[in-house]
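Here is how the chains run, residue by residue.
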Amino acid sequence: MSFLLNGTAVGKRNIELMDPGPQLPTPVSQMLKFGTNLLQAVGQFNGNYVIAVAFMREISTPVEATLPDYEQPPVSSVDPDSEIIEGPSRISLNCPISFRRIKIPVKGHSCKYLQCFDFENYVDINSRRPSWRCPHCNQHVCFTDIRIDQDMFKVLKEVGDDVIDVMISSDGSWKAIMESDDHTEKPKDKPLTLLKIVHSEVLMGFQMSTVMF
């Protein structure tokens, strides 16, 4: 399937060349004329299709101060008879998209986990290949659903540049995980034991040796 607007082919709208999933819109302003415009769909139609023509405009990327704050969901009351105890969680300070240090920690407004991703990385990758899905839980997070996590933003400001992970407790307190914390002392190799032959004799063509160790 392809499209013609006023007799001219619309670029990047050939279904055989398009990737599956959400697509970037194709600007057609230069192809329009005053009065009536004719949009034609050319191809074989084996189902139902929806063709949308929308008036759109570019908006500037908001700075961190204009992003809505993320509201942490309330902690549910703990059943005293429950054997499940919520412990601290290890959180990476690197973005799961670029694997580099997060600058502006964000997540979807309905996300319930602690892990964040970087705002600029998320917008950049979706402006080139739109999917608008959270890189952590894969749920839909469109542009208006993005929230900045002020708690994680504070952690990123206070922690050192050499720290990659932090341990965050359920009460909001956190502790930096140093690289030395991940290194456990390896067991030392046992020295080789030298075997000393103290007796050797040949019986019926077979040699039998007695060793001490």
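Before any of the text, the structure's been laid out above.
About the thresholds
- Residues numbered from 1 in each chain as written.
- Predicted model: local features only at pLDDT ≥ 70, side-chain atom pairs only at ≥ 80, totals over all residues.
- Heavy atoms only, no water.
- Buried < 20%, exposed > 50% of the residue type's maximum accessible area, 1.4 Å probe, protein only.
- Helix = DSSP H or I, 4+ residues; strand = E, 2+ residues; numbered from the N terminus.
- Arc of directions from axis to C-beta.
- Contact = heavy atoms within 4.5 Å.
- Polar contact = N/O pair within 3.5 Å; in protein donor to acceptor, adjacent residues only side chain to side chain.
- Pairing = 2+ DSSP bridges.
- Phe/Tyr/Trp six-rings, centres within 6.5 Å; stacked < 30°, edge-to-face > 60°.
- Salt bridge = Lys/Arg side-chain N within 4 Å of Asp/Glu carboxyl O.
- Core = buried A, V, L, I, M, F, W, Y, C linked by side-chain atoms within 4.5 Å.

Novice: Break down helix α2 (residues 150-158) for me, citing the residues and quoting the values.
Specialist: When α2 is considered as a whole, its buried residues turn out to be Met152, Phe153, Val155 and Leu156. Projected onto a plane normal to the axis of α2, the buried residues spread over an arc of 160 degrees and lie on a single side. Residues of α2 that are exposed and point over 90 degrees away from its buried face: Asp151, Lys154 and Lys157. Buried positions along α2 lie against β4 (89-92), β5 (105-108), β7 (146-148), β8 (165-168) and β9 (174-177). Looking at where α2 begins, the residue whose side-chain oxygen comes 3.1 Å from the main-chain nitrogen of Asp151 is Asp149.

Novice: For the sheet that holds β5, give the residues involved together with the corresponding values.
Specialist: If you walk across this open sheet you meet the three strands as β6-β5-β7, and the pairing is antiparallel. At either margin of the open sheet sits one strand with a lone partner, and together these are β6 (117-118) and β7. Direction of pairing for β5 relative to β6: antiparallel, over a ladder of two bridges. Pairing of Pro105 across the sheet is with Asp118, part of β6.

Novice: How would you sum up the packing of aromatic side chains? Please name residues and give values.
Specialist: A complete count under the given rule lists four aromatic pairs for this structure. Ring centres of Trp132 and Phe143 lie 6.4 Å apart, and the angle between their planes is 85 degrees; this geometry places the pair in the edge-to-face category. On the criterion of sequence distance, the pair formed by Trp132 in the loop between α1 (119-128) and β7 and Phe143 in the loop between α1 and β7 is long-range, its members being 11 residues apart. Taking the relative accessible area as the measure of exposure, Trp132 reaches 23% and is therefore partly exposed. Taking relative accessible area as the criterion, Phe143 reaches 28% and is therefore assigned partly exposed.

Novice: Describe the sheet that holds strand β3 (residues 39-42), listing the residues and the values that go with them.
Specialist: Spatially, three strands are ordered β2-β1-β3 in an open sheet, and the strand pairing comes out antiparallel. Because the sheet does not close on itself, it has two edges, and the strands there are β2 (8-9) and β3. Sheet topology note: the strand β1 (residues 2-5)/β3 ladder contains four bridges and is antiparallel. Of the residues in β3, the one forming a bridge with Leu5 is Leu39.

Novice: Got a sec to walk through the pattern of salt bridges? Specific residues and values, please.
Specialist: Opposite charge on two side chains makes pairing possible when the charged atoms of those side chains draw close. Applying the stated rule across the entire model yields three salt bridges. A salt bridge links Lys107 to Asp149, with the nearest nitrogen and oxygen atoms 3.1 Å apart. Taken together, the positions of Lys107 in strand β5 and Asp149 in the loop between β7 and α2 put the pair 42 residues apart, joining distant regions of the chain. Assigned by exposure class, Lys107 and Asp149 land together as buried.

Novice: Please give an account of the nonpolar core that cites residues and values.
Specialist: Among the nonpolar cores identified, the biggest contains 26 residues, and Leu93, Val106, Phe117, Phe119, Ile146, Met152 and Val166 are the most heavily contacted of them. Contributions of two or more residues to this core are made by α1, β7, α2 and β8. For this core, the element with the highest residue contribution is α2, accounting for four residues.

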